[in-house]
Amino acid sequence: MAMMCLQIISILLNVIWWIIIVQAVLSWLVAFNVINTNSDAVRGIWMTLDRLTEPLYRPIRAIMPSFGALDLSPMVVLVLLAIFQQAVLPYLAQLVLSV
């Protein structure tokens, strides 16, 4: 049961990873006027991704200094997710298997 929970957590972390990547690419496309937020579909996707990721970014933005237009909080979240997936989850799996 515990191993299944760890697998579900791993899948959720992968989904969060891809949501952050898609939002970053979309923000670049909007910034360089490749796509326009006047489109209802683009605006809906943009707002949905923003609502999903903002709770992850907010604590990091509160700690990190402002770099003007450059927002490094998605990169920090991705690094933290990678650390959690590569270091913490395998350790927890090892603990579960040893019990």
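Everything that follows concerns the structure shown earlier in this document.
Residues numbered from 1 in each chain as written. Predicted model: local features only at pLDDT ≥ 70, side-chain atom pairs only at ≥ 80, totals over all residues. Heavy atoms only, no water.

K.L.:
So what's going on with helix α1 (residues 2-31)? Which residues, and what values?
P.N.:
In this model α1 runs 43 Å from its N-terminal to its C-terminal C-alpha over 30 residues, within 8% of the 44 Å that 1.5 Å per residue would give. Turning to α1, its buried residues number three or more, namely Leu-6, Leu-13, Ile-20, Gln-23, Ala-24, Leu-26 and Val-30. In this fold, the buried residues of α1 make contact with α2 (40-63) and α3 (73-98). Phi turns positive one or two residues past the end of α1, at Asn-33, with a value near 55 degrees. (Helix = DSSP H or I, 4+ residues; strand = E, 2+ residues; numbered from the N terminus. Expected span 1.5 Å × (residues − 1). Buried < 20%, exposed > 50% of the residue type's maximum accessible area, 1.4 Å probe, protein only. Contact = heavy atoms within 4.5 Å.)

K.L.:
Quick rundown of the pattern of salt bridges? Include the residues and the values.
P.N.:
Two side chains that carry opposite charge are able to pair once their charged atoms sit near each other. Taken as a whole, this structure holds 3 salt bridges when the rule is applied. Taking the shortest distance from any N to any O, the salt bridge between Asp-40 and Arg-43 comes out at 3.0 Å. Placement of the pair is Asp-40 and Arg-43 together in helix α2, with a separation of 3 residues, close to one helical turn. With a closest N to O distance of 2.5 Å, Asp-71 and Arg-61 form a salt bridge. Of this pair, Asp-71 sits in the loop between α2 and α3 while Arg-61 is found in helix α2, placing the two residues 10 residues apart along the sequence. Note on Arg-61: relative accessible area 35%, which makes it partly exposed. Among the charged side chains, a network of salt bridges with common partners joins Glu-54, Arg-61 and Asp-71. (Salt bridge = Lys/Arg side-chain N within 4 Å of Asp/Glu carboxyl O.)

K.L.:
Lay out the nonpolar core in plain terms, naming residues and giving numbers.
P.N.:
One finds Leu-6, Leu-13, Ile-20, Tyr-57, Ile-60, Val-77, Leu-78, Leu-81, Leu-89 and Ala-93 forming the largest nonpolar core, which totals 10 residues. Only α1, α2 and α3 provide two or more residues apiece to this core. In terms of residues, this core owes the most to one element, α3, which gives 5 residues. For Leu-81, the contacting residues outside a window of four places in its chain are Leu-13, Ile-16, Trp-17 and Ile-20. (Core = buried A, V, L, I, M, F, W, Y, C linked by side-chain atoms within 4.5 Å.)

K.L.:
Provide a residue-level description of the environment of Ile-21, including the pertinent values.
P.N.:
Within the secondary structure, Ile-21 sits in helix α1. The class for Ile-21 is partly exposed, based on a relative accessible area of 27%. C-alpha of Ile-21 to C-alpha of Ser-98: the two residues are 77 residues apart in sequence and 35 Å apart in space.

K.L.:
If you had to explain a nonpolar patch on the surface to someone new, which residues and values would you point to?
P.N.:
A cluster of nonpolar side chains, Ile-9, Phe-84, Val-88, Tyr-91, Leu-92 and Leu-95, forms an exposed patch at the surface whose accessible area comes to about 470 Å². Among the elements that line the nonpolar patch, the one with the most residues is α3, at 5 residues. (Patch = residues over 30% accessible without salt bridge, like charges linked within 9 Å, V, L, I, M, F, W, Y side chains within 5 Å. Areas by Shrake-Rupley, 256 points an atom, 1.4 Å probe, with all protein chains shown as cover.)

K.L.:
Account for the side chain of Ser-73, with residues named and values stated.
P.N.:
Here Ser-73 is to be found in helix α3. Of the polar contacts made by the side chain of Ser-73, one reaches the side chain of Arg-61; its length is 3.3 Å. Beyond its immediate sequence surroundings of up to four residues, Ser-73 is in contact with Tyr-57, Ile-60 and Arg-61. (Polar contact = N/O pair within 3.5 Å; in protein donor to acceptor, adjacent residues only side chain to side chain.)

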